[in-house]
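Descriptive structure summary
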Amino acid sequence: MISLAVNETIARAVEVLRENDHGDYTIPTKGLYPFQWNWDSCLTALGLAHYDEARAWTEIETLFAHQWPDGVVPHIVFHVLNDSYFPGPEIWRTNRPTATSGITQPAVAGFAVRRLFDRAKDKELAAERARALLPKIDAWHRWFYENRDPRGEGLVAIIHPWESGRDNSIDWDDAFERVPTEGVEAYTRRDTLHADPAHRPTKAQYDRYLWLLQHFRALGWDNAKLHDASPFQIVDPGFNAILIRSAADLADLAETLGEMEIAKANRARAEKGLLAMERLWSDAHGQYLCLDRVIGKLVDSASVGGILPVFSAIPKPRIAAIAATIERIAGKARYIVPSHDLDDPRFDAKRYWRGPVWLVVNYMIADGLAASGHTQVAQRITRSSVDLIAESGFAEYYDPLSGEPLGGGRFTWTAAMVIEFLKSER
Ligand code: DGY
């Protein structure tokens, strides 16, 4: 009976993936996000692999086919014309053969490719496809440390909130005070046509997203200049942990495939990053915090970005402290892991990244906790994720107090994560 229900849920998840599949890339959801998004695609590939391994490799290959010559992999690839999204290619004006945005997103590709390879039934196919991707992912990692860690501190900064994937997190509020809004060209949002405005970032936040975009565009999208020229430079522990995990995974994979130079470079990046991460630890919050690089201070904001580092090989006592933090939060929220601490008066259960639960984040946290022996907390997160699907369907994100589905519907990476959770639970 139970496995019948599981099979049925997996079949419904596959339906969502197929609906959003455009042949060689998958859109996150119709209307709200009609193009290819970077980290969405890499995590979606894990779901695709459960029923079509070759298609899963193609998903990541399509993304990397639009890598820039300097190594950066853009956060959106505008494969087709579609005016249901703003800001589209006519705003970004990055001057690429296929239009792309000009910023990047969490570097989850190294992790995803290793996982695809490790699980592949067709090892020959996997070795061939992985071998071709290795130097491209390595180039992206190199780009990060060259362009977003100009002083060689071991941690990279994001220069736009969209790069973190956690667009309107409370983490950015103080730094956003520094981002002006004068000169922002008139614009019409489209996201609020597809999702409830109360679940989305505010106009004040959008103005600043666009000011930064225009500022970088005026600098010709020259990555050698953007970091230092940005009034917004945040070292996000979650973003760095994903990059560190991907660097370590890429190193392992490169070793298996005999690519020793790539292995060595990525091992060194991961080790340096893990040492530097210590600077972001907060005993008071029992988790990591963001660092505002412009003023050199930690940001007093306990978000899920500071819990995500369990996805990388941080010291065991840090993992244990974060597991305890999650248990504390679980005493207050019906569903875990909320994107912000419920004790913070700025917590908002429904607004995008200011409180709601996201299954991709749950997946990475549970993966890290399970790997380090915190199986009970990991299982609790998995259970919460599966319960949300059963009660509220494949939403973009969920209210941690009520379980209400929020944002876009029939969401690709949510479906991919459900397949992952259910298959690993069996
Ligand atoms: C958006 O437009 O909401 C996106 O998150 C940017 O990537």
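Description of the structure in this document. Here the structure is a predicted model, which is why all the values come from computation and not from measurement.

Right, let's get into the overall build of the protein chain. Across its full length, the protein chain carries 17 helices and nine strands. The C-alpha atoms of the protein chain give a radius of gyration of 20 Å, which matches the 22 Å a tight globule of 426 residues would have. Dimensions of the protein chain along its principal axes, counting C-alpha atoms only, are 60 × 50 × 45 Å. Counting only residues that meet the buried cut, the protein chain has 62% of its 426 residues in that class. A total accessible area of about 15600 Å² is found for the protein chain, and carbon and sulfur atoms account for 52% of it. Of the charged side chains in the protein chain, 48 are positive and 58 negative, and the gap between their average positions amounts to 1 Å.

Neighbouring the ligand are the residues Tyr33, Trp37, His75, Tyr85, Trp162, Asp167, Arg200, Tyr206 and Tyr352. Within the side chain of Trp37, an N or O atom sits 3.0 Å from an oxygen atom of the ligand. Tyr352 is positioned such that a nitrogen or oxygen atom in its side chain is 3.3 Å from an oxygen atom of the ligand. About the coverage of the ligand: the protein hides 96% of its 230 Å² of free accessible area. When the residues that make up the shell around the ligand are grouped by side-chain class, the tally is six nonpolar, one polar and two charged.

Another point: the nonpolar core. With 148 residues, the main nonpolar core has Leu43, Ile326, Ile365 and Leu369 as its most contacted residues. Considering every element that reaches this core, the biggest residue donor is helix α6 (residues 123-148), with ten residues.

Taken as a whole and assessed by the stated rule, the structure comprises 40 salt bridges. The closest approach of N and O atoms between Asp138 and Arg142, which form a salt bridge, is 3.5 Å. Placement of the pair is Asp138 and Arg142 together in helix α6, with a separation of four residues, close to one helical turn. For Arg142, a relative accessible area of 37% translates into the label partly exposed. Between Arg328 and Asp343 there is a salt bridge, with its nearest N and O atoms 3.2 Å apart.

A few words now on the environment of Asp236. If you trace the backbone, Asp236 turns up in the loop between β3 (234-235) and α12 (237-256). Along the sequence, Asp236 and Pro309 sit 73 residues apart, while their C-alpha atoms lie 9.9 Å from each other. Those residues in contact with Asp236, other than ones at most four positions away along the chain, are Ser164, Arg166, Trp172, Cys290 and Gly305.

This paragraph deals with the packing of aromatic side chains. Counting across every chain of the model gives 31 aromatic pairs. Members of the aromatic cluster, joined through ring pairs, are Trp92, Trp162, Trp172, Phe176, Tyr206, Tyr209, Phe216, Trp221 and Phe232. The side chain of Arg189 reaches across the aromatic face of Tyr206, ending 3.8 Å from its centre.

Looking now at unusual backbone geometry. For the bond running from Phe86 to Pro87, omega is 5°, close enough to zero to count as cis. A cis amide bond, omega 5°, links Ile336 with the succeeding residue Val337. Phi angles above zero are rare outside glycine, and Tyr352 is one such case at about 40°. Of note, Tyr352 is situated in the loop between α14 (316-330) and α15 (359-371).

Another aspect to go through is the sheet that holds strand β6 (residues 291-292). In space, the three strands of this open sheet follow the order β3-β6-β7, with antiparallel pairing throughout. Among the strands making up the open sheet, the edge pair consists of β3 and β7 (297-298).

Before going further, it helps to spend a moment on the packing of α15 against helix α16 (residues 375-392). In the contact formed by α15 and α16, the axes pass within 8 Å of each other and the chain directions differ by 155°. The orientation of α15 with respect to α16, classified from their angle, is roughly antiparallel. For α15 against α16, the interelement crossing comes out left-handed. Where α15 approaches α16, its residues Leu359, Asn362, Ile365, Ala366, Leu369 and Ala370 are matched on the opposing element by Thr375, Val377, Ala378, Ile381, Thr382, Ser385, Leu388 and Ile389. Residues belonging to the contact of α15 with α16 are distributed by class as follows: ten nonpolar, four polar and no charged.

Relative to the 28 Å expected for 20 residues at 1.5 Å per residue, α12 spans 28 Å between its end C-alpha atoms, a close match to the ideal helical length. Where α12 begins, the side chain of Asp236 points an oxygen toward the backbone nitrogen of Gly238, at a separation of 3.0 Å. In the segment just after α12, Gly258 is the residue with positive phi, at about 75°.

Contact geometry for helix α3 (residues 53-64) and helix α5 (residues 109-119): axes closest at 11 Å, N-to-C directions at 160°. When the axes of α3 and α5 are compared, the pair comes out roughly antiparallel. The hand of the α3/α5 crossing is left-handed. On the side of α3, the interface is formed by Glu53, Ala56, Trp57, Ile60 and Phe64, while α5 contributes Ala109, Ala112, Val113, Leu116, Phe117 and Arg119. In terms of residue class, the contact of α3 with α5 is made up of nine nonpolar, no polar and two charged.

About the criteria used
- Residues numbered from 1 in each chain as written.
- Predicted model: local features only at pLDDT ≥ 70, side-chain atom pairs only at ≥ 80, totals over all residues.
- Heavy atoms only, no water.
- Helix = DSSP H or I, 4+ residues; strand = E, 2+ residues; numbered from the N terminus.
- Rg over C-alpha atoms; globule rule 2.2 N^0.38 Å.
- Buried < 20%, exposed > 50% of the residue type's maximum accessible area, 1.4 Å probe, protein only.
- Areas by Shrake-Rupley, 256 points an atom, 1.4 Å probe, with all protein chains shown as cover.
- Lys, Arg positive; Asp, Glu negative; His and termini not counted.
- Charge placed at Lys NZ, Arg CZ, Asp CG, Glu CD.
- Near = heavy atom within 4 Å.
- Polar contact = N/O pair within 3.5 Å; in protein donor to acceptor, adjacent residues only side chain to side chain.
- Nonpolar A, V, L, I, M, F, W, Y, C, P; charged D, E, K, R; others polar.
- Core = buried A, V, L, I, M, F, W, Y, C linked by side-chain atoms within 4.5 Å.
- Salt bridge = Lys/Arg side-chain N within 4 Å of Asp/Glu carboxyl O.
- Contact = heavy atoms within 4.5 Å.
- Phe/Tyr/Trp six-rings, centres within 6.5 Å; stacked < 30°, edge-to-face > 60°.
- Lys NZ or Arg CZ within 6 Å of the ring centre and 35° of its normal.
- Pairing = 2+ DSSP bridges.
- Axes fitted to C-alpha atoms, helices over the stretch in contact; angles between N-to-C directions.
- Parallel < 35°, antiparallel > 145°, perpendicular 65-115°, else oblique.
- Left-handed = near helix turned anticlockwise from the far one by under 90°.
- Expected span 1.5 Å × (residues − 1).

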